[in-house]
Structures are given as C-alpha cells and as structure tokens.
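Structural characterization, general
Listed here are the chains, written in short residue letters.
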Amino acid sequence: MLDLGDPAAASGKFADADAAFGPEYVRTHVLYPSRIATAQLQQREIDTACATAHQALDLAADLQSGRSSDHLHDLAGHLARHRRNRDAVEVLDRIASLA
C-alpha cells in the first residue's frame, strides 16, 4: 500500500504485522518500524517518523542484517529532504553509523 500511494493504510498494516511477531524476531521489529517511519514521512509526520525510526535503530544497533540496513537506508533517502529538522539529522547520523 505504501508503494500504491496510501501511506496511512500502509502504516496501519505494517503496525499490525509487526505486532504479530514475538520479541525474538528482532529483524522483523526493525523492518516494519522502518517502513512505518517511511509511511509517516509520506504523511508529513516528520517528528513521529523520527521517533519511530529511533525505535528501529535501537534494535538495529546489535543486528547484522543486510535487509534491515537496506530498509533503514531507504528511509534515510526519504528523510534526507528534511535536513533542517534536528531530529531528522539525528536519525540520518544514526543510520550512517550502521556497519
């Protein structure tokens, strides 16, 4: 739904999917919030998107996953146009520091 131009619906679906997995699925709990943050950005909810991105990044810090990194770098591409926002810069810096 995100790629179809309905970020609000996509955000809800991503949240539902994320909630369906237990805490042992760390990679999943990085992937879905990174997509939720992208959907929030598309809805111009920059501060909310940054908070969601921080949740994903907290989990990603100890995770070695190319797929997770890909999603976070995709998020960074969307977030880059908001460099005047201090929270956005913080998230971008954290994404850039991932191995």
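Residues numbered from 1 in each chain as written. Predicted model: local features only at pLDDT ≥ 70, side-chain atom pairs only at ≥ 80, totals over all residues. Heavy atoms only, no water.

**Description of the overall build of the protein chain**
When you go through the protein chain residue by residue, the secondary structure sums to five helices and zero strands. Reading the protein chain from its N terminus to its C terminus gives the helix and strand order α-α-α-α-α. For the protein chain, whose C-alpha radius of gyration is 12 Å, the value lies close to the compact-globule estimate of 13 Å for 99 residues. Along the three orthogonal principal directions, the C-alpha set of the protein chain runs to about 35 × 30 × 20 Å. In the protein chain, once contacts between residues fewer than 6 apart in sequence are set aside, the share between residues at least 24 apart is 58%. For the protein chain, the exposed area adds up to about 5,800 Å²; of that, 48% sits on carbon and sulfur atoms. Averaging the locations of the 10 positively and 14 negatively charged side chains of the protein chain gives two centres separated by 6 Å. (Helix = DSSP H or I, 4+ residues; strand = E, 2+ residues; numbered from the N terminus. Rg over C-alpha atoms; globule rule 2.2 N^0.38 Å. Contact = heavy atoms within 4.5 Å. Areas by Shrake-Rupley, 256 points an atom, 1.4 Å probe, with all protein chains shown as cover. Lys, Arg positive; Asp, Glu negative; His and termini not counted. Charge placed at Lys NZ, Arg CZ, Asp CG, Glu CD.)

**Things to note about the confidence of the model for the protein chain**
Considering every residue of the protein chain, the mean pLDDT works out to 92; 99% of them sit at 70 or more. Here helix H4 (residues 66-79) is the element of the protein chain with the lowest mean pLDDT, 90, and helix H5 (residues 86-96) is the one with the highest, 96. (pLDDT = per-residue confidence, 0-100.)

**Here's the deal with the side chain of Gln 40**
By the secondary structure assignment, Gln 40 is in helix H2 (residues 28-42). A relative accessible area of 8% means that Gln 40 is categorised as buried. Within the structure, Gln 40 has its side chain in polar contact with the backbone nitrogen of Ala 49 (distance 3.5 Å). Among residues more than four places away in sequence, those in contact with Gln 40 are Glu 45, Thr 48, Ala 49 and Thr 52. (Buried < 20%, exposed > 50% of the residue type's maximum accessible area, 1.4 Å probe, protein only. Polar contact = N/O pair within 3.5 Å; in protein donor to acceptor, adjacent residues only side chain to side chain.)

**Section: the pattern of salt bridges**
Scanning the model with the defined rule gives two salt bridges in all. Among the ionic pairs, Asp 74 bridges to Arg 35, the shortest N-O distance being 3.4 Å. Taken together, the residues Asp 74 in helix H4 and Arg 35 in helix H2 connect sequence positions 39 residues apart. Taking relative accessible area as the criterion, Arg 35 reaches 17% and is therefore assigned buried. Of the charged contacts, one joins Arg 94 and Asp 58 as a salt bridge, the two residues approaching to 2.9 Å between their closest N and O atoms. A residue pair is termed long-range when its members are at least 10 positions apart, and Arg 94 in helix H5 and Asp 58 in helix H3 (residues 46-60) qualify at 36 residues. (Salt bridge = Lys/Arg side-chain N within 4 Å of Asp/Glu carboxyl O.)

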